[in-house]
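Architecture and fold: a report
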Amino acid sequence: MASSSSSGLTFKLHPLVIVNISDHYTRVKSQSLPPHAADASSLPPAPPPRVFGCVIGVQRGRTVEIFNSFELLYDPSTHSLDRAFLEKKQELYKKVFPNFYILGWYSTGSDAQESDMVIHKALMDINESPVYVLLNPSINPAQKDLPITIYESELHVIDGIPQLIFVRSSYTIETVEAERISVDHVAHLKPSDGGSAATQLAAHLTGIHSAIKMLNSRIRVLHHYLLAMQKGDIPCENSLLRQVSSLLRRLPAIESEKFQDDFLMDYNDTLLITYLAMFTNCTSTMNELVDKFNTAYDRHSRRGGRTAFI
Amino acid sequence: MDPFSSAAIARQTWELENNIVSAGEASDSSAAASDAIFYYDEAAQAKFQQEKPWANDPHYFKRVKISALALLKMVVHARSGGTIEVMGLMQGKTDGDAIIVMDAFALPVEGTETRVNAQADAYEYMVDYSQTNKQAGRLENVVGWYHSHPGYGCWLSGIDVSTQMLNQQYQEPFLAVVIDPTRTVSAGKVDIGAFRTYPDGYKPPDEPVSEYQTIPLNKIEDFGVHCKQYYALDITYFKSSLDCHLLDLLWNKYWVNTLSSSPLLGNGDYFAGQISDLAEKIEQAENQLSHSRFGSLLAAPQRKKEEESQLTKITRDSAKITVEQVHGLMSQVIKDILFNSVRQSNKSQAEPSGPEPMVET
C-alpha cells in the first residue's frame, strides 16, 4: 500500500504535533490500565488502543506545514469519526488560531490499514487531499528514525479499478526558535534557572557541539560512501554524484565583501558591549571602594560633600 | 556509533547534576510507573477537593510539575503572540503539595489593561473546550492559568495579583504561570515562573530570595509594589516514556535547526531595548548617588546600601546581557569557520537544501 508519493508536496511537521499525539496515546493507554491494578507479570499486555485526531496547519503553495493537532472521537461501530465533535473543535481552534486549517488526521499503530481509508475519504470533503499522520507507539530502542509516517492518498488504477491508496511521503521537521528551545529543554532536562555563567556557557556550547558532531558523522557516512564508489564496491550512481558536487559548490556559504563588513560590525558591537559591561563593573567596584573609604576615614567630617576623599 | 553513546553520557550527567527525575529511564516497570502520572483518578481528586488542605496553609502548594506537552504548547502560544500578551488555561490535577499540569490551551483574548473583564468573555470558550476535552478523553480539570510577559520577565503585575487572588478564592486549587517568550529565545533557556498569591493581609514568615531577574524601568514600580504578595513555586518537568523516545529521535532531525539558529540576528531589537533600559537605570542610579554625597552625615547606612545594591544590580544585568550577546556571537563565529573557510571538505547530504547559516529567514 505504501509506495513513494509523487504529488510533489513538501511536508513540514512541528514537534508540537508529535508530542501532542504521543501524549494523547499515553493518556488513553494509562487510563485504560489503572496503575494499581496493573501487574506487569500476571496481566497479558492488552493491545494498545488506537487514538485518533485531527491535524491542523497551513498550506502555502506546495508546502504543507503541520503546526498543531487535537483529539477526535472515533466510533468503532461505524468506523468513522464523530463529525459534530470535529466541527465543534474546529470552531474553537479557529478562534485562537485563525490561520490554521484542517489538513488531515492522525492515528497510532504500526501500519496503515484498510479501515483507515474510510476515515480518510470522510475527511475529503473538508480538505480535498488530506494527509494521514501515523505514529508507531511501540518503543524500539534500536530504532534510529522517527516512527512517524505521513501518507497521502492517490488515485491508482489497480486491476483495472481506480482506487485510492495510501502512499508515503517524506517530511522534514520544522521548528520555531522558541519551540526548539523548549523541546531541547524538556528533552535534556536542563536546569530551569540560569545557574552560573559557566553552566550557561557549557550548556550553550554543548548544544552546538552535539549538532556539529551530528554534521560530522553524516559527512563521514558520505565520505565512506564515495570512497566505496571510487573503489568500485558500489555501482556508480550519477544522480547522487551530481547532488554531492552541487552541495560542494555551495561552500563557502557566503563570501561577499558586504558580508565580511557586516560580520565584523556585529563582532565589534559585541566587543563594545563587553567593554561597556566591564566598565560598569569597574565603576561599581570603584564606587564601593570609595564608599568604604569614606565610611572608614570620613566619619567626623562636616557638611559639604566632597571634602576629604581623593 | 560513538556520537550516540557520548551524547547519552552527557545527558545522564546533566540529569544527575540537576537532581531532576526523568520519567521512565531503564526498566519497563519504571516506565509503567512513570506513565502512571498520566492516570487520572477521579475519586482521589474529588476527595482532595473536599478536604481542602490548602485552606489552612497559604503556603501549602510548593511544587509544580509541568508536562512536556503543556510546556511546549504554552511557549509556542506565548511566542506566537509576538509582543502582545496572550493567555490561556492549564489543566491538570493535584498530588499532595504539588500541582501537576498535564495540558494547556489558549484562550482567544489578548492582554490589555482590562484583562480582568476579558476573562469573563472567555468563559464560554473555556466551558466549550472543557466539555469537548472530557469527551475526547482528557478528564482533568482546569487547575490554573498562564499568560505571557514578552520581554519583561516572569512576575505578577498588580492586575495579575488581583486576578489570581480572586481565582484563589473561588476556584481553588489554582496556579498562575508566567512565560517570557522573548527572553526564552534570547537566553536559549525557557523563562517561566509559577506563582500563588497569599491571601490579603497574610505576612509570609520569611521571604525566600527568588532568582534575580532584570525588570525594565517602566515596570519596576509595578513589580516592587506587589512582589511581597505572592510566592514562587519550584517547577520540574516530566515526560512519558514514549515522549522520551520520540524526543531522542527528534534530535536526529533538528540538529540542523540548532546549528542554523541565529540568536544575534533574531534578538537584535531585544538587546537594543535592554541596553537602553540599562542606560536609563544608570542615570537614575547616578542621580541618587550624587544626592547621597551631600547628605553623607545624615544618610543612614541603609540608604547607602540600597544605592550600592542598585549599582550592583545594574552590573549584574549588564553582565547577563553581555553573556547572551557573546553566546550569539560565538555561534556566528563557529558557523563562519565551519562553512566559510574554503577547504576540501564534503558537505553533508542529510539536508540537501543545505543550511544557510548566515542568513536568517
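The name given to chain B in an unreviewed UniProt entry is COP9 signalosome complex subunit, with Sesamum radiatum as the source organism. According to UniProt, the comment filed for chain B under the heading Cofactor (unreviewed entry) is "a divalent metal cation".

Under the annotation held in an unreviewed UniProt entry, chain A carries the name COP9 signalosome complex subunit 6 and is attributed to Sesamum radiatum.

The subject of this paragraph is the overall build of chain B. Along the backbone of chain B there are 13 helices and seven strands. The proportion of buried residues among the 361 residues of chain B is 54%. Across chain B, contacts joining residues at least 24 apart in sequence account for 75% of those joining residues at least 6 apart. Accessible surface, chain B as shown: approximately 16400 Å² in total, 54% of it carbon and sulfur.

With that settled, consider the packing of aromatic side chains. Under the criterion given, the structure shown has 21 aromatic pairs over all chains. Seen from their ring centres, phenylalanine 70 of chain A and tyrosine 93 of chain A are 4.9 Å apart, and the 20° between their planes marks the pair as stacked. Linking phenylalanine 70 of chain A in strand E3 (residues 63-71) with tyrosine 93 of chain A in helix H2 (residues 83-96), this pair joins segments that are 23 residues apart in sequence. Ring geometry for tyrosine 275 of chain A versus phenylalanine 279 of chain A: centroids 5.6 Å apart, planes at 15°, classification stacked. Within this pair, tyrosine 275 of chain A and its partner phenylalanine 279 of chain A are both found in helix H7 (residues 257-297), separated by four residues, close to a single helical turn. Just above the ring of tyrosine 129 of chain B sits the side chain of lysine 89 of chain A; from NZ or CZ to the centre is 4.9 Å. Here the basic side chain of lysine 219 of chain B rests over the ring of tyrosine 152 of chain B, its NZ or CZ set 4.1 Å away from the ring centre.

Another point: the sheet that holds E3 of chain A. Residue and element names in this part refer to chain A. Spatially, E9-E8-E7-E6-E2-E3-E1-E10 is the arrangement adopted by the eight strands of the open sheet, whose pairing is mixed. Every interior strand has two partners, whereas the edge strands, strand E9 (161-169) and strand E10 (171-173), have only one. Between one strand axis and the next, the sheet turns through 35° on average, direction left out of account. Where strand E7 (residues 131-135) meets strand E8 (residues 148-158), five bridges bridge the pair, whose relative direction is antiparallel. Residue pairing for E8: tyrosine 132 is matched across the bridge by tyrosine 151. The strands touched by H2 are strand E2 (52-60), E3 and strand E6 (101-108); relative to E3, the strand with the most contacts, the crossing angle is about 115°.

Conventions adopted
- Residues numbered from 1 in each chain as written.
- Chains lettered and ligands numbered in written order.
- Predicted model: local features only at pLDDT ≥ 70, side-chain atom pairs only at ≥ 80, totals over all residues.
- Heavy atoms only, no water.
- UniProt positions renumbered as here; feature names shortened; annotations may be inferred.
- Helix = DSSP H or I, 4+ residues; strand = E, 2+ residues; numbered from the N terminus.
- Buried < 20%, exposed > 50% of the residue type's maximum accessible area, 1.4 Å probe, protein only.
- Contact = heavy atoms within 4.5 Å.
- Areas by Shrake-Rupley, 256 points an atom, 1.4 Å probe, with all protein chains shown as cover.
- Phe/Tyr/Trp six-rings, centres within 6.5 Å; stacked < 30°, edge-to-face > 60°.
- Lys NZ or Arg CZ within 6 Å of the ring centre and 35° of its normal.
- Pairing = 2+ DSSP bridges.
- Axes fitted to C-alpha atoms, helices over the stretch in contact; angles between N-to-C directions.

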